[in-house]
Amino acid sequence: MIIYGTKAVHLKSEQSKTITCPNCETVGSVIVRVYRRHAHIFWIPLFPIGKKGVSQCQHCKNVLKTKEMPEPIKNAYHALKKETKGPIWQFTGLAIITALVIWGIYAEWKRKKLDMEYISAPRKGDVYEYKVDSGSYSTLKVLRLSNDSVFVSQNEYQISKKSGIHTIDKPENYSASMYGISKSELAQMYDSGAIFDVNR
């Protein structure tokens, strides 16, 4: 269950000495407050979504929302709102998401760099995850190497989801026969996306 919503945080209050309360007509009793709302998920603030304000008379306790404020109180609110900055922690969730995206991009770049090293210098026991023509996924295991070729055994099982390919990578699933792939062809298969991961 995902818990999400919005929350308002108090930023600043100011009591005017000249404004008259429209309800009880007391002068200097009105306090204007500024709040900033933010979206949250699991109570972690994601990003701010705007400021709002209220006024309250300290004499009669009359509370007015922004739309209900007479012009003098509304002007005081807008002036206070303009000079009030919100807390940076209201961007916490956005910062976390940005960091995760950057980390994901870096991890993918690192993985591809490592895969390219494995493709250019194959070793016995390497396992290539690849896409079958039918749209399924399977693996090839390197059994032997020569100067310009790798000799692989084909996994006899296929799986429909890429994420589950590790479940069929078992020694007993590989064929007893093997066939050769030139190292240049191997590089082409990786560049084209036919081979999409190398496990060593």
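Residues numbered from 1 in each chain as written. Predicted model: local features only at pLDDT ≥ 70, side-chain atom pairs only at ≥ 80, totals over all residues. Heavy atoms only, no water.

Let us look at the sheet that holds strand 4 (residues 63–65). The strand order across the open sheet formed by four strands is 1-2-3-4, and the pairing between neighbours is antiparallel. The outermost strands of the open sheet, each flanked by one partner alone, are strand 1 (4–15) and strand 4. Sheet twist, expressed as the mean angle between neighbouring strand axes with direction ignored, is 30°. The sheet contact formed by strand 1 and strand 2 (residues 30–41) spans 11 bridges and is antiparallel. Bridge pairing in strand 2 places glutamate 14 opposite valine 32. Strands in contact with helix 1 (residues 71–83) are strand 1, strand 2, strand 3 (44–57) and strand 4; relative to strand 2, the strand with the most contacts, it is inclined by about 50°. (Pairing = 2+ DSSP bridges. Helix = DSSP H or I, 4+ residues; strand = E, 2+ residues; numbered from the N terminus. Axes fitted to C-alpha atoms, helices over the stretch in contact; angles between N-to-C directions. Contact = heavy atoms within 4.5 Å.)

Now for the packing of aromatic side chains. A complete count under the given rule lists two aromatic pairs for this structure. Judged by centre distance (5.9 Å) and plane angle (35°), the ring pair of tyrosine 106 and tryptophan 109 falls under tilted. You can see tyrosine 106 and its partner tryptophan 109 sitting in helix 2 (residues 92–120), three residues apart, about one turn around the helix. For the pair tyrosine 137 and phenylalanine 196, a centre-to-centre distance of 5.7 Å together with 90° between the ring planes defines the contact as edge-to-face. Of this pair, tyrosine 137 sits in strand 6 (residues 137–145) while phenylalanine 196 sits in strand 9 (residues 195–199), and the two are 59 residues apart along the sequence. This pair shows no difference in class: tyrosine 137 is buried, exactly as phenylalanine 196 is. Over the ring of phenylalanine 151 we find arginine 144, and its NZ or CZ is 4.2 Å from the ring centre. (Phe/Tyr/Trp six-rings, centres within 6.5 Å; stacked < 30°, edge-to-face > 60°. Buried < 20%, exposed > 50% of the residue type's maximum accessible area, 1.4 Å probe, protein only. Lys NZ or Arg CZ within 6 Å of the ring centre and 35° of its normal.)

Considering the arrangement of structural elements, one finds lysine 52 in strand 3. Separated by 19 residues in sequence, lysine 52 and arginine 33 have C-alpha atoms that sit 8.5 Å apart. In contact with lysine 52, not counting residues within four places along its chain, are Ala8, Arg33, Val34, Tyr35, Arg37 and Tyr77.

One finds Ile119, Tyr128, Leu140, Val152, Ile181, Leu186 and Ile195 to be the most contacted residues of the largest nonpolar core, which totals 15 residues. Listing elements by their share of this core, those giving two or more residues are helix 2, strand 5 (127–131), strand 6, strand 7 (149–154), helix 3 (183–192) and strand 9. For this core, the leading source of residues is helix 3, giving three residues. Among all residues touching isoleucine 195, those that are not within four sequence positions of it are Tyr128, Glu129, Tyr130, Leu186, Met189 and Tyr190. Grouped together as the second largest cluster of nonpolar side chains are 12 residues, Leu11, Cys21, Val34 and Leu64 included. (Core = buried A, V, L, I, M, F, W, Y, C linked by side-chain atoms within 4.5 Å.)

The topology assignment puts tryptophan 43 in the loop between strand 2 and strand 3. Residue tryptophan 43 is classed as exposed on the basis of its relative accessible area, which comes to 63%. Through-space distance from the C-alpha of tryptophan 43 to that of alanine 99 is 19 Å; in sequence the pair is 56 residues apart.

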